[in-house]
Amino acid sequence: EVTVVKQVAKVKNVIGVLEGETEETIIIGAHYDHVGRGGMNSLAPGSKEIHNGADDNASGTVGLLELARRFGQSGVKPKRRLVFMAFTGEEEGLIGSAHYVAHPIWPLDQTVAMLNMDMIGRLNEDKLTIFGTGTAAFWQPLLDDLAKKYGFTLNKIAVGMGPSDQTSFYMKNIPVL
């Protein structure tokens, strides 16, 4: 016998915008939800203990806020509109990002890239894994130059499909990282 109690809650994406010189948009995103406890969808599937989300994904949301702060305080108007988006419901199936691409605020045909930050606190031996490196020709030389400049070893995964919010944008043919 199983008892399932479904709880429904209204959740929202949180969006900040820095207008650019053109109508083109770059989405910079991170999800702010977490599984909360072990169990299904966690690294501890047999546990019900608190499953803290410092890396997945407090690290990404802090990175998102820091980029928004730095770009906002720079005093320089960016070439393209920068949209800083904290997504909800990533852990339950990319709910927030899927909702955004189904109901975009800015036209998707003018969205030139989506940069997703998920688990950015997990860097060992200066090795960085990046999904989506093959979704646009301009990513490869840019990433190679930056890796060389900052001393990173890159694990480049060409496809944009992966277990995070960039997938919603990739499915709409938007270049992602």
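It should be emphasised that the depicted structure is a prediction, and the values quoted were computed from it without experimental measurement.

> Give a detailed account of helix H1 (residues 54-73), specifying residues and quantitative values.
Listed as buried for H1 are Asp55, Asp56, Asn57, Ser59, Gly60, Thr61, Gly63 and Leu64. In this structure, the buried side of H1 is in contact with strand E2 (25-31) and strand E3 (81-87). Of the residues one or two after H1, Gly75 is the one with positive phi, at around 80 degrees.

> Go over the layout of surface pockets, please, and point to the residues and values.
Of the voids in this model, the largest pocket is the one considered here, and its volume is about 1,400 Å³. The wall of the largest pocket is formed by 39 residues, among which Asn116, Met117, Ile120, Leu128 and Thr129 lie closest to the centre. Residue assignment for the lining of the largest pocket shows that the elements contributing at least two residues are E2, H1, strand E4 (111-116), strand E5 (127-131) and helix H3 (139-150). Of the residues forming the lining of the largest pocket, the biggest block, six residues, is contributed by H3.

> Residue-level account of the pattern of salt bridges, with values.
Taken as a whole and judged by the stated rule, the model has seven salt bridges. The salt bridge partner of Arg69 is Glu66, with a shortest N-O separation of 2.6 Å. Of the two residues, Arg69 and Glu66 are both situated in helix H1; the distance of three residues between them amounts to about one turn of the helix. The partly exposed category is assigned to Arg69, whose relative accessible area is 38%. On the basis of relative accessible area, Glu66 is assigned to the partly exposed category, the value being 28%. Notably, a salt bridge pairs Glu66 with Arg70, separated by 2.7 Å at the nearest N-O pair. With Glu66 and Arg70 both in helix H1, this residue pair falls four residues apart, about one helical turn. The exposure class of Arg70 is exposed, given its relative accessible area of 54%. When salt bridges with common partners are traced through the structure, they connect Glu19, Glu23 and Arg81 into a single cluster.

> An account of the sheet that holds E3 is requested, with residue identities and associated values reported.
Spatially, four strands are ordered E1-E3-E2-E4 in an open sheet, and the strand pairing comes out mixed. At either margin of the open sheet sits one strand with a lone partner, and together these are strand E1 (14-18) and E4. The mean angle between the axes of side-by-side strands here comes to 20 degrees, regardless of whether they run parallel or antiparallel.

> Before we move on, can you summarise helix H2 (residues 95-102) with the specific residues and values?
Of the residues making up H2, those classed as buried are Gly96, Ser97, Tyr100 and Val101. Around the axis of H2, the buried residues are gathered within 130 degrees of arc, so they sit on the same side. In the core, the buried residues of H2 are packed alongside E2, E3 and helix H4 (166-170).

> Break down the pairing of E3 for me, with residues and values.
Regular strands show a simple pattern: their side chains alternate between the two faces of the sheet. Along E3, seven of the seven residues are buried, which leaves the element largely enclosed by surrounding structure. Covered by surrounding structure in E3 are Arg81, Val83, Met85 and Phe87 together with Leu82, Phe84 and Ala86, the residues of both alternating faces. In this structure, E1 lies alongside E3, joined through five bridges in antiparallel fashion. Bridged to Gly16 within E3 is Phe84. With seven bridges joining them, E2 and E3 adopt parallel strand pairing.

> A description of the packing of aromatic side chains should follow, citing residues and the corresponding values.
By the definition in use, this model includes four aromatic pairs. Taking the centre distance of 6.3 Å and the plane angle of 40 degrees together, the rings of Phe71 and Phe84 count as tilted. With a gap of 13 residues between them, Phe71 in helix H1 and Phe84 in strand E3 connect regions that are remote in the sequence. For Phe84, a relative accessible area of 7% gives the class buried. Among the aromatic residues, ring-to-ring pairing joins Phe87, Tyr100 and Phe169 into one connected group.

What counts as what
Residues numbered from 1 in each chain as written. Predicted model: local features only at pLDDT ≥ 70, side-chain atom pairs only at ≥ 80, totals over all residues. Heavy atoms only, no water. Buried < 20%, exposed > 50% of the residue type's maximum accessible area, 1.4 Å probe, protein only. Helix = DSSP H or I, 4+ residues; strand = E, 2+ residues; numbered from the N terminus. Contact = heavy atoms within 4.5 Å. 1 Å grid on protein atoms, 1.4 Å probe; cavity = no way out; pocket = protein on both sides within 12 Å on 5 of 7 lines; lining within 4 Å. Points joined across faces, edges and corners; volume = space filled by probe spheres on them. Salt bridge = Lys/Arg side-chain N within 4 Å of Asp/Glu carboxyl O. Pairing = 2+ DSSP bridges. Axes fitted to C-alpha atoms, helices over the stretch in contact; angles between N-to-C directions. Arc of directions from axis to C-beta. Phe/Tyr/Trp six-rings, centres within 6.5 Å; stacked < 30°, edge-to-face > 60°.

Fair warning: the whole summary comes from geometry, so function is off the table for now.
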